[in-house]
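Fold and geometry: a report
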Amino acid sequence: MALCVALGVSVVGCGGGGKAPASSGGADKLSGTVALNGSTSMEKVVGIGSEKFMKDHSGVTVTYDATGSGTGVAAAKNGTCDIGLASRALKDSEKKDGLKETTVAIDGIAIIVNEKSPIKNLTMKNISDLYTGAVTDWSAVGGSGTVAAIGREAGSGTRDGFESITKTKEKCKMSQELTSTGAVIEAVRNNENANGYASYASVVGQKGIRAVSVDGVECTEENIKNGSYAVKRPFNFITKESAKLSAPAQAFYDFMISPDAAELIKKAGAVPFSK
C-alpha cells in the first residue's frame, strides 16, 4: 500500500513531468503544488529538500507519494505526477518511452544485520550466497543460527540495484519480501538472525541494526563518494522529455540539483551528485 506523505497539504499528484527549461516568474511569486511519486529510499533526501523549498516558497506545497521506483517511473510516464523518483537507472525500454533521468544524489545500499549479530564484514560472494540460499546458516561466515534473508519486493529500485551489483538477479531466495525500506529495517531489528539491505540514507542513526563492511570497506559517505564502497546506486528524478514542468515543479527540480541543496542531501545521509 502506498504511503502518501504530504509535505504540506496532501493531494493526488498530477501534472506532466518534463525536461528542464528555465523556470518562469520570480521565485517569491511561485504558487501551486509539486507532486512527487516513487522511491521509498529517497524519502529523507526529498523530505529535507522539500521542507527547505517550501520554507523559501510559502505559496508552494510539495507532496510525496512513496510507492516504489517502478510506480514512480510509470507515474512520470503517465503524467500523474510532476516528478518521478527512482533509486535506480532507467531501463532502455523506459528511455524509449521518452523518459529522462537526472541524478540528484548517490546512495550506498547498506548490508545490515541485527545489532546483536557478531558479523562485521561480508565479502560480495558471502552476500550472494546468503541471498541465493547457497549459505543457510550463519556458521559459514562466522556467526550461528539459521539465516533469515530479508529484501524488497519486485519492482523496487533498491532490490534492482542490490541484485544487479551482487549478480543475484532472479536467483534470490528470501525469507521475506517487504514493500518499503522502513519495513526491511524493522524486520532486521526484530530478528537476531536476519540480514537485509537498505538505503544508507535510511540506515544512518537507526538503532537495533548495524551496517557491515563489504570486502573490508565500510559503508560511509566518504567511501560511497570515492567509489571504494561497491554497493551503491543513483537517486534519480524522472521526467518526460516531451512535457514542460510547471513553474513550481521546475523551480524545485532546479533547486534539488543545485549547490544550494548539497548540504541538505548530506544531512539526509546521501552524497550530492556532481558530474
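Our subject is the structure listed above.
Moving on to the pattern of salt bridges. Here the structure, examined in full by the defined rule, presents twelve salt bridges. Glutamate 192 serves as the salt-bridge partner of lysine 116, at 3.6 Å between the closest nitrogen and oxygen. Residue lysine 116 is located in the loop between β5 (99-114) and β6 (121-122), and its partner glutamate 192 is located in the loop between α6 (181-189) and β9 (194-199); the two are separated by 76 residues in the primary sequence. A relative accessible area of 47% places glutamate 192 in the partly exposed class.

Let us now look at the nonpolar core. In terms of nonpolar packing, the biggest core is built from 41 residues, with Ile111, Ile112, Leu122, Tyr131 and Tyr229 touching the most fellow members. Only β5, α4 (124-132), β7 (148-152), α6, β9 and α7 (200-203) provide two or more residues apiece to this core. The leading source of residues in this core is β5, at six residues. Counting residues in each nonpolar core, the second largest holds 30 residues, with Leu85, Phe255, Leu264 and Ala268 among its members.

On to the layout of surface pockets, then. By volume, the second largest pocket is sized at about 240 Å³. Along the walls of the second largest pocket sit 14 residues, with Thr102, Thr103, Val104, Ile257 and Phe273 positioned nearest its centre. Mapped onto the lining of the second largest pocket, the elements with two or more residues apiece are β5, α9 (247-256) and α10 (262-267). Counting residues per element, the lining of the second largest pocket draws most heavily on β5, which supplies four residues. Here the lining of the second largest pocket is composed, by residue class, of nine nonpolar, three polar and two charged.

Moving on to α9. Burial analysis of α9 places eight of its ten residues in the buried class, the great majority of the element. Listed as buried for α9 are Pro248, Ala249, Gln250, Ala251, Phe252, Tyr253, Phe255 and Met256.

Along the chain, the position of arginine 159 falls in helix α5 (residues 157-166). Judged by its relative accessible area of 13%, arginine 159 is buried. Filtering out sequence-adjacent residues up to four positions away, arginine 159 remains in contact with Arg152, Glu153, Ala154, Met174, Glu177 and Tyr197.

What follows is about the environment of serine 228. Tracing the backbone shows serine 228 in the loop between α8 (221-226) and β12 (232-240). Along the chain, serine 228 and valine 217 lie eleven residues apart, while their C-alpha atoms are 7.0 Å from each other. With residues up to four places along the chain from it excluded, the contact list for serine 228 reads Val217 and Asn223. Side-chain polar atoms of serine 228 contact the side chain of asparagine 226, separated by 2.7 Å.

As a packed pair, α4 and α5 sit with axes 10 Å apart at the nearest point and diverge in direction by 120°. Taken as axis vectors, α4 and α5 run oblique relative to one another. Like other packed secondary-structure pairs, α4 and α5 cross with a definite hand, here left-handed. Contacts between α4 and α5 pair Met124, Ile127, Ser128 and Tyr131 from the former with Phe162, Ile165 and Thr166 from the latter. Of the residues belonging to the contact of α4 with α5, the class tally is five nonpolar, two polar and no charged.

Under the definition given, this model contains seven aromatic pairs. When the centroid spacing of 4.9 Å and the interplanar angle of 65° are considered together, the rings of tyrosine 131 and phenylalanine 162 count as edge-to-face. Of this pair, tyrosine 131 sits in helix α4 while phenylalanine 162 sits in helix α5, and the two are 31 residues apart along the sequence. Just as tyrosine 131 is buried, phenylalanine 162 falls in that class too. With a centroid separation of 6.3 Å and an interplanar angle of 45°, the aromatic rings of phenylalanine 237 and tyrosine 253 are classed as tilted. Placement of the pair is phenylalanine 237 in strand β12 and tyrosine 253 in helix α9, with a sequence separation of 16 residues.

Procedures and definitions
Residues numbered from 1 in each chain as written. Predicted model: local features only at pLDDT ≥ 70, side-chain atom pairs only at ≥ 80, totals over all residues. Heavy atoms only, no water. Salt bridge = Lys/Arg side-chain N within 4 Å of Asp/Glu carboxyl O. Helix = DSSP H or I, 4+ residues; strand = E, 2+ residues; numbered from the N terminus. Buried < 20%, exposed > 50% of the residue type's maximum accessible area, 1.4 Å probe, protein only. Core = buried A, V, L, I, M, F, W, Y, C linked by side-chain atoms within 4.5 Å. 1 Å grid on protein atoms, 1.4 Å probe; cavity = no way out; pocket = protein on both sides within 12 Å on 5 of 7 lines; lining within 4 Å. Points joined across faces, edges and corners; volume = space filled by probe spheres on them. Nonpolar A, V, L, I, M, F, W, Y, C, P; charged D, E, K, R; others polar. Contact = heavy atoms within 4.5 Å. Polar contact = N/O pair within 3.5 Å; in protein donor to acceptor, adjacent residues only side chain to side chain. Axes fitted to C-alpha atoms, helices over the stretch in contact; angles between N-to-C directions. Parallel < 35°, antiparallel > 145°, perpendicular 65-115°, else oblique. Left-handed = near helix turned anticlockwise from the far one by under 90°. Phe/Tyr/Trp six-rings, centres within 6.5 Å; stacked < 30°, edge-to-face > 60°.

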